[in-house]
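Structural overview for review
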Protein chains: 2
Amino acid sequence: MPQGGEKDEVFCMKELEERILKDGGVKAGGVLKVDSFLNHQLDVGLYRKMAQEWKRLFEDCNINKILTIEASGIGLACVAGEVFGDIPVVFAKKAQSINIDGEVYSTKIESFTHKKVYDVILSRKYLTSEDHVLIIDDFLANGCALNGLIDLVSEAGATLEGIGIAIEKGFQKGGKMIRDRGIRLESLAIIDKMDDETGAITFR
Amino acid sequence: MPQGGEKDEVFCMKELEERILKDGGVKAGGVLKVDSFLNHQLDVGLYRKMAQEWKRLFEDCNINKILTIEASGIGLACVAGEVFGDIPVVFAKKAQSINIDGEVYSTKIESFTHKKVYDVILSRKYLTSEDHVLIIDDFLANGCALNGLIDLVSEAGATLEGIGIAIEKGFQKGGKMIRDRGIRLESLAIIDKMDDETGAITFR
């Protein structure tokens, strides 16, 4: 009897959770510090294991392109690109660069970390209606960056196959908002509670 | 008779040169556009071949850490980290982020592309006097970004084993300046001349 009262299955990647507990830290203001392995110093061996999880989770999808946003998503996206069979990776750029000519897709993304609004652009040449896209990013909190990337995929008329996130802050609204839109979202670790006094971290 | 009149050997990676000729473009103002495979859309298969070249070229060095700078260096650095045996990658960040606490090394880098000066920081935790560092970046032109990264390595008291660059603009001063300091620099393609009227590109 598969329908009805069974619990929702929540996937988690044990090794990532253990690494967060071992090397992560909780700072005042709901900041999770994982800069020793995820977003300042980067553990590429762990990156590859994370990419292999996404590959397994999205095995039924015909993904031909990885989309991310600068800066800390780029490393994860590149390793994922390799694991998905050396498919192209494209990253959305913050602010106008004179090195991108021609037409671009664009959107605006608010960063709570840096307390400003970025213009984000992506060359039309590198995302088209032919593409089946997996969005990859390191963090999901309020979902502003992801919503921006989803906008770019829509603007391109590409097919969004799903989203792979390393760490989701389950106590912020982004994850629910995206799942409620019917988008397939696979976060490898979901944090439901963090306590900046005791340092305790509770996973979903 | 190995000494004396032989020509300086200049390494180049044929596949990268051919890709630049095939998919690159020259724009007014000395801008080389390689955003279809190197720094906007990223060809991770090519990245891995480039990383394998650096691995071969720096085989005699005992490299235990890769250093780069956001944004477009991060992907190359991550793939290099894998190829060098899953060694840690660390990237210098532009401007202050509230997610980095504690002590940082810092320097200033002038960007000609974006016409501004960035503060660049690196957490002291992730670069120490124990480290034997390979700096990786996609481009070398005037050398401002590289000089900043070299400053950070000095500040840390780490050993700079060398620098791996994808594309060096040999007609700008950065490469000569760095080689003149006795630093080992391996650029996989060195462009000696670009003509933005004919689109012609001449390699060293």
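In what follows, the accompanying structure is described. Within any chain, residue numbers begin from 1 and follow the written order of that chain's sequence. For this description, chains carry letters from A and ligands carry numbers from 1, given in the order in which they are written. The predicted nature of this model means local features are confined to residues of pLDDT at least 70 and side-chain atom pairs, given and counted, to a pLDDT of 80 or more, with totals for whole chains, interfaces and linings taken over all residues. Working from all heavy atoms in the structure, the side-chain values ignore hydrogens and water.

A few words now on the overall build of chain A. Note on conventions: DSSP H or I runs of at least 4 residues are helices, E runs of at least 2 residues are strands, and numbering of each starts at the N terminus. A count of helical and extended segments in chain A gives five helices and 11 strands. Here the C-alpha coordinates of chain A stretch approximately 50 × 45 × 30 Å along the principal axes. We call a residue buried when its accessible area falls under 20% of the maximum for its residue type, exposed when it is over 50%, and partly exposed in between, using a 1.4 Å probe and counting protein chains only. Split into buried and exposed, the 204 residues of chain A put 55% on the buried side. In this analysis, two residues are considered to be in contact whenever any of their non-hydrogen atoms come within 4.5 Å of each other. In chain A, once contacts between residues fewer than 6 apart in sequence are set aside, the share between residues at least 24 apart is 63%. Surface accessibility follows the Shrake-Rupley procedure with a 1.4 Å probe radius. Residue values consider only the protein chains on display as shielding. When the accessible area of chain A is evaluated, it comes to approximately 9100 Å², of which 47% is carbon and sulfur surface. With 26 positive and 33 negative side-chain charges, chain A shows a spacing of 3 Å between the two charge centroids. Counting rule for charge: Lys and Arg are taken as positive, Asp and Glu as negative, and neither His nor the chain ends is counted. Charged side chains are reduced to one point each, which is NZ for Lys, CZ for Arg, CG for Asp and CD for Glu.

Moving on to the relation of the copies chain B and chain A. What sets the superposition is a least-squares fit of C-alpha atoms, and only residues with pLDDT of at least 70 in both copies go into it. Overlaying chain B on chain A yields an RMSD of 0.0 Å, the required transformation being a rotation through 180° with an accompanying axial translation of 0.0 Å. Both copies of the chain, as the preceding transformation shows, are related through a two-fold rotation axis.

A word on helix H2 (residues 44-57) of chain A. Residues lying three or four places apart along an α-helix face the same way, a consequence of the helix completing one turn every 3.6 residues. Residue and element names in this part refer to chain A. Expected span, for any helix, means 1.5 Å times one less than how many residues it has. With 14 residues, H2 extends 20 Å from end C-alpha to end C-alpha; this agrees with the ideal 20 Å at 1.5 Å per step. Buried within H2 we find Val-44, Gly-45, Leu-46, Tyr-47, Met-50, Ala-51, Glu-53, Trp-54 and Leu-57. Of the residues that open H2, the one with a side-chain oxygen 3.1 Å from the backbone nitrogen of Gly-45 is Asp-43. Pairs of N or O atoms within 3.5 Å make up the polar contacts considered here, provided that, within protein, one atom can donate a hydrogen while the other can accept it, and that residues adjacent in sequence are counted only when both atoms are side-chain atoms.

Before going further, it helps to examine the pattern of salt bridges. Residue and element names in this part refer to chain A. We define a salt bridge as a contact between a side-chain nitrogen of Lys or Arg and a carboxyl oxygen of Asp or Glu at a distance within 4 Å. Taken as a whole and judged by the stated rule, the model has 36 salt bridges over all chains. Where Arg-56 meets Glu-53, a salt bridge forms, and the shortest distance between an N and an O atom there is 2.9 Å. With Arg-56 and Glu-53 both in helix H2 and three residues apart, the pair spans about one turn of that helix. The salt bridge partner of Arg-179 is Glu-168, with a shortest N-O separation of 2.8 Å. With a gap of 11 residues between them, Arg-179 in helix H5 (residues 174-180) and Glu-168 in strand S9 (residues 159-169) connect regions that are remote in the sequence. Among the residues examined, Arg-179 registers a relative accessible area of 31% and is labelled partly exposed. The class of Glu-168 is buried, set by a relative accessible area of 1%. Beyond isolated ion pairs, a larger network of salt bridges with shared partners links Arg-19, Lys-22, Asp-23 and Asp-43.

This part covers the nonpolar core. Only buried residues count toward a nonpolar core. Its members are Ala, Val, Leu, Ile, Met, Phe, Trp, Tyr and Cys residues joined through side-chain atoms within 4.5 Å. By size, the foremost hydrophobic cluster in this structure holds 82 residues, and its most contacted members are Leu-16 and Met-50 of chain A together with Leu-16 and Met-50 of chain B. Sequence-distant contacts of Met-50 of chain B, defined by excluding residues within four places in its chain, comprise Met-13, Leu-16, Leu-38, Leu-76, Ala-166 and Leu-188 of chain B. Core analysis: the second largest hydrophobic core is formed by 27 residues, Ala-92, Ile-109, Leu-127 and Ala-158 of chain A among them.

Residue and element names in this part refer to chain A. A cis geometry characterises the amide bond from Glu-70 onward to Ala-71, with omega recorded as 0°. Positionally, Ala-71 belongs in the loop between strand S4 (65-69) and helix H3 (73-83). Backbone geometry at Asp-86 places phi at a positive 55°, although glycine is not the residue there. Counting through the fold element by element, Asp-86 comes out in the loop between H3 and strand S5 (89-94).

Chain B puts 43 residues into the contact, and the matching count from chain A is 43 residues. Both faces considered, chain B and chain A share a buried interface measuring about 3700 Å² in area, 55% of it formed by carbon and sulfur atoms. One can count four salt bridges joining chain B with chain A. Linking Arg-48 of chain A and Asp-86 of chain B is a salt bridge whose minimum nitrogen-to-oxygen distance equals 2.6 Å. Summed over the shared surface of chain B and chain A, the number is 18 residue pairs in polar contact (both at pLDDT 80 or more). Of all the elements in the fold, those that place two or more residues in the side of chain B that touches chain A are strand S2 (31-33), strand S3 (41-42), helix H2 (44-57), helix H3 (73-83), strand S5 (89-94) and strand S7 (116-123) of chain B. With six residues, the top contributor of residues to the side of chain B that touches chain A is H3 of chain B. Residue polarity is assigned by list, with Asp, Glu, Lys and Arg as charged and Ala, Val, Leu, Ile, Met, Phe, Trp, Tyr, Cys and Pro as nonpolar; anything else, Gly included, falls into the polar class. For the side of chain B that touches chain A, a count of residues per class yields 18 nonpolar, 14 polar and 11 charged. The pairing criterion is simple: DSSP has to find at least two bridges between the two strands. Of the pairings in the sheet, the one linking S5 of chain A to S3 of chain B comprises two bridges and is antiparallel in character. Buried area is understood as the total, over both parts, of accessible area removed when two parts are fitted together, assessed with a 1.4 Å probe.

Residue and element names in this part refer to chain A. Their axes nearest at 10 Å, the elements helix H1 (residues 14-23) and H2 cross at an angle of 145°. Residue-level contacts link Glu-15, Leu-16 and Arg-19 of H1 to Leu-46, Lys-49 and Met-50 of H2. Here the residues of the contact of H1 with H2 are counted per class, giving three nonpolar, no polar and three charged. Orientation is described by axes fitted as lines to C-alpha atoms, over the contacting stretch for helices, and by angles from 0 to 180 degrees between their N-to-C directions.

Looking now at the side chain of Asn-39 of chain A. Position of Asn-39 of chain A among the secondary structure elements: in the loop between strand S2 (31-33) and strand S3 (41-42). Among the residues examined, Asn-39 of chain A registers a relative accessible area of 12% and is labelled buried. Those residues in contact with Asn-39 of chain A that lie beyond four places of it in its chain are Val-34, Ser-72, Asp-138 and Phe-139 of chain A together with Phe-91 and Lys-93 of chain B.

Linking Glu-53 of chain B and Met-13 of chain B, residues 40 residues apart in sequence, is a C-alpha distance of 7.9 Å. In terms of polar contacts, Glu-53 of chain B uses its side chain to reach the side chain of Arg-56 of chain B, at 2.9 Å.

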